[in-house]
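Residues per chain are reported as follows:
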Amino acid sequence: MNTAAKIQQVDFRYANGDTGALEGLDLEIKCGECILLCGSSGCGKTTVTRLLNGLIPHYYEGELTGSVTVFDRDIRSTPIEDLAGTVGSVFQNPRSQFFCVDTTAEIAFGCENMGMPEEEILSRIDKTVKDMHIEKLLGRSIFNLSGGEKQKIACAGVSAMMPELIVLDEPTSNLDLDAIGELRNIISDWRSQGKTIVIAEHRLGWLKGLCDRIAFMENGRISKEFTGEQFFSLSTQALNDMGLRALHTDTNYLETAAGCSAIKPFDNKEVITLEDFCFSYGRQSALNIDRLELPSGGVIAVVGHNGAGKSTFTRCLCGLQKGFRGKVLIGGKKLRPRDMMKLSYMVMQDVNHQLFAETVTEEVLLGTESDDEKPALELLERLNIAEYKERHPMSLSGGQKQRTAIASALLAGKKLLVFDEPTSGLDFRSMECTAELLRSIGNDVTVLIVTHDMELIDRCCTHVLHIENGNIT
């Protein structure tokens, strides 16, 4: 059998969607092939991955026509549990696929469900952990991991199952450059084992040399195909014209010297002073900052490797971290965590936790005291999601949800806005629109952006705050 999966003349429309997610899609995937699916947010990449792992039609309801087979099995008539040992999935939001609260148990979960002997499970865990260099993540609580660390555990759980087809949906959305390099090594190892790999992704440069074929999607169908050599020879301008990210960025802000030379000096007259920003998860220290000054009205990138303490820092700053006792001084006035909660608005890394309304317009207006829809609609227009104003927020793609949450934050009227990976899952044009908006609100409010997205930093940030091991470097 030379074909791993075949999608023929497939149309699919989500039950809660206004338009078809896929339209006349044809795609044949050969055994042992590594394919990249790319295109603008909402083009249908994630929907293709859901067809391959059986989530459509067994979990996501909708109208499906055409034929989809995976290793000669029709997905309609194959129970999703029967595909589990054949198809492994890593989702954009790793929390959505976790079943355990302990990392080691989570890695073992899939193997246990397949009924493997204990000795075999332990052997597979050991090999996976060594290959992915995640020894320090074993025996940890899932709830205390950073977004990037959760993604590593999700990848490890799939790797331990050793499926024939591996589907990854935005696997690097929350990973730093070092972690992306480690993921690349894992995928390279899967390729050497003859695995078939399908990757839906916006960050593209790290895939050079890995992908045999690239399928560029527009409006629910494949409009162009490239060989790996053809695609990764395209210029940045050609990629941007297609709505795709550049393959490489000029500056790595995790390298302090490079960052200092690229960002303008700290010359603000007004500052926000932080004191006693120290926090621990049990015996594990996560934050240790005695005093720090931030430029009031700045657009500040918060960078650092996965697990460095960035998200903990921002949760403490917004007064959201239970048990935190640090203080903030603004204009000489000392504010405690409960005071900061009133002044702050955070867009979380997983926006699904803060989408509550029935429509996108209602969601954006939720944090305001006005019923006037005009500012909300203007903001949705600037973020290129005005066409979805009557859609339920949970029916949107990951990138569209992210932009909806950003719009809510911008209309909330707070003095401190914090964005945790705001461009996770965003294509080039959406990232540019987001950067322009964040840049334009500087001076009026103070903006902190936790990000691994060097392109975003280049386009909108005035300062960079580098955190490692809970300390300011």
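Residues numbered from 1 in each chain as written. Predicted model: local features only at pLDDT ≥ 70, side-chain atom pairs only at ≥ 80, totals over all residues. Heavy atoms only, no water.

A. Representation of the overall build of the chain. Across its full length, the chain holds 17 helices and 20 strands. Computed over its C-alpha atoms, the radius of gyration of the chain comes to 22 Å, within 12% of the 23 Å expected for a compact globule of 473 residues. Residues counted as buried form 57% of the 473 residues belonging to the chain. Taking the average location of the 49 positive side-chain charges in the chain and that of its 66 negative ones, the two points are 5 Å from each other. (Helix = DSSP H or I, 4+ residues; strand = E, 2+ residues; numbered from the N terminus. Rg over C-alpha atoms; globule rule 2.2 N^0.38 Å. Buried < 20%, exposed > 50% of the residue type's maximum accessible area, 1.4 Å probe, protein only. Lys, Arg positive; Asp, Glu negative; His and termini not counted. Charge placed at Lys NZ, Arg CZ, Asp CG, Glu CD.)

B. Just helix α5 (residues 118-132), in detail. Taking 1.5 Å per residue as the helical rise, α5 with its 15 residues ought to reach 21 Å, and the 21 Å between its terminal C-alpha atoms agrees with that figure. What α5 keeps buried is the set Ile 121, Arg 124, Ile 125, Thr 128, Val 129 and Met 132. Down the axis of α5, the sector holding all buried residues measures 130°, keeping them to one side. Turned more than 90 degrees off the buried face of α5, the exposed positions are Glu 119 and Leu 122. Looking at the residues trailing α5, positive phi occurs at His 133, about 55°. (Expected span 1.5 Å × (residues − 1). Arc of directions from axis to C-beta.)

C. View of the sheet that holds strand β1 (residues 3-14). Here four strands make up an open sheet; going across it, the order is β2-β1-β4-β5 and the pairing antiparallel. The outermost strands of the open sheet, each flanked by one partner alone, are β2 (22-30) and β5 (73-74). Sheet analysis places β1 next to β2, joined by six bridges and oriented antiparallel. The residue of β2 that forms the bridge with Ala 5 is Ile 29. Lying on the sheet, helix α1 (residues 45-52) is in contact with β1, β2 and β4 (62-70); it crosses β1 at an angle near 120°. (Pairing = 2+ DSSP bridges. Contact = heavy atoms within 4.5 Å. Axes fitted to C-alpha atoms, helices over the stretch in contact; angles between N-to-C directions.)

D. Highlighting the environment of Asp 444. Tracing the sequence through the fold places Asp 444 in the loop between α16 (428-440) and β18 (446-450). Given a relative accessible area of 61%, Asp 444 falls into the exposed group.

E. Quick peek at a positive patch on the surface. A cluster of basic residues, Lys 334, Arg 336, Arg 338 and Lys 342, forms a positive patch on the protein surface. Mapped onto the fold, Lys 342 is located in helix α12 (residues 337-343). (Patch = residues over 30% accessible without salt bridge, like charges linked within 9 Å, V, L, I, M, F, W, Y side chains within 5 Å. Areas by Shrake-Rupley, 256 points an atom, 1.4 Å probe, with all protein chains shown as cover. Salt bridge = Lys/Arg side-chain N within 4 Å of Asp/Glu carboxyl O.)

F. Structural view of a negative patch on the surface. On the surface, Glu 358, Glu 362, Asp 371, Asp 372, Glu 373, Glu 378 and Glu 390 cluster together to form a negatively charged patch. Mapping Asp 372 onto the fold places it in the loop between α13 (360-365) and α14 (374-382).

G. A look at the pairing of strand β19 (residues 463-468). Counted residue by residue, β19 has five buried out of six residues, so it is predominantly covered. The pairing of strand β13 (residues 299-303) with β19 spans four bridges and is parallel. Its bridge partner lying in β19, Ala 301 is registered against Val 464. Direction of pairing for β19 relative to strand β20 (residues 471-472): antiparallel, over a ladder of two bridges. Looking at β20, one finds that Ile 467 is bridged to Ile 472. Hairpin geometry of β19 and β20 is characterised by an intervening segment of two residues between the two adjacent antiparallel strands and by a positive phi of about 55° at Asn 469.

H. Seen up close, the pattern of salt bridges. Evaluated as defined, the whole model comprises 17 salt bridges. Connected through shared salt-bridge partners, Arg 245, Glu 432, Asp 453, Glu 455 and Arg 459 make up one network.

I. Expanded view of the pairing of β4. Across eight bridges, β1 lies against β4 in antiparallel orientation. Pairing of Tyr 14 across the sheet is with Gly 62, part of β4. Two elements, β4 and β5, share two bridges in a ladder whose sense is antiparallel. Residue pairing across strands places Val 70 opposite Arg 73, the latter belonging to β5. Here β4 hands over to β5 after two residues, with Phe 71 in that stretch at a positive phi of 50°.

J. A look at the environment of Gly 399. Among the secondary structure elements, Gly 399 is positioned in helix α15 (residues 398-411). Classification of Gly 399 by relative accessible area gives buried; the value is 3%. A C-alpha to C-alpha distance of 9.1 Å links Gly 399 and Pro 422, two positions 23 residues apart in sequence. Setting aside residues up to four positions removed in sequence, Gly 399 forms contacts with Ser 41, Gly 425 and Leu 426.

K. Layout of the nonpolar core. Of all hydrophobic cores here, the largest spans 49 residues; its most connected members are Ile 187 and Phe 231. Mapped onto this core, the elements with two or more residues apiece are β3 (34-39), α4 (103-113), α5, α6 (147-161), β7 (165-169), α7 (177-192), β8 (196-200) and β9 (213-218). When residues of this core are assigned to their parent elements, the largest contribution, seven residues, is made by α6. Each residue touching Ile 187, except ones within four places of it in the same chain, is listed here: Leu 168, Ile 197, Ile 199, Trp 206 and Leu 210. Among the nonpolar cores identified, the runner-up in size contains 40 residues, and Tyr 388, Leu 437, Ile 449 and Cys 461 belong to it. (Core = buried A, V, L, I, M, F, W, Y, C linked by side-chain atoms within 4.5 Å.)

L. Spotlight on the environment of Gly 85. Structurally, the position occupied by Gly 85 is in the loop between α3 (80-83) and β6 (87-90). On the accessibility criterion, Gly 85 (31% relative accessible area) is partly exposed. Sequence spacing of Gly 85 and Gly 110 is 25 residues, and the spatial spacing of their C-alpha atoms is 8.3 Å. Look past the residues within four positions of Gly 85 in its chain and what remains in contact with it is Met 114 and Pro 163.

M. How the structure looks around the confidence of the model for the chain. Per-residue pLDDT for the chain has a mean of 88; in total, 96% of the residues score no lower than 70. Confidence, read as mean pLDDT per element, is least for helix α10 (residues 256-262) in the chain (45) and greatest for β8 (97). Throughout residues 257-263 the model reports pLDDT below 50, and contacts reaching past four residues in sequence, or to other chains, amount to ten contacts. (pLDDT = per-residue confidence, 0-100.)

N. Local environment of the packing of α4 against α5. Running from amino to carboxyl end, α4 crosses α5 at an angle of 130°, the nearest separation of the two axes being 10 Å. With respect to their mutual orientation, α4 and α5 come out oblique. Crossing handedness for the pair α4 and α5: right-handed. The residues of α5 that touch α4, namely those facing Thr 104, Ile 107, Ala 108, Cys 111 and Glu 112, are Ile 121, Arg 124, Ile 125 and Val 129. Looking at the contact of α4 with α5 residue by residue, the class counts come to six nonpolar, one polar and two charged. (Parallel < 35°, antiparallel > 145°, perpendicular 65-115°, else oblique. Left-handed = near helix turned anticlockwise from the far one by under 90°. Nonpolar A, V, L, I, M, F, W, Y, C, P; charged D, E, K, R; others polar.)

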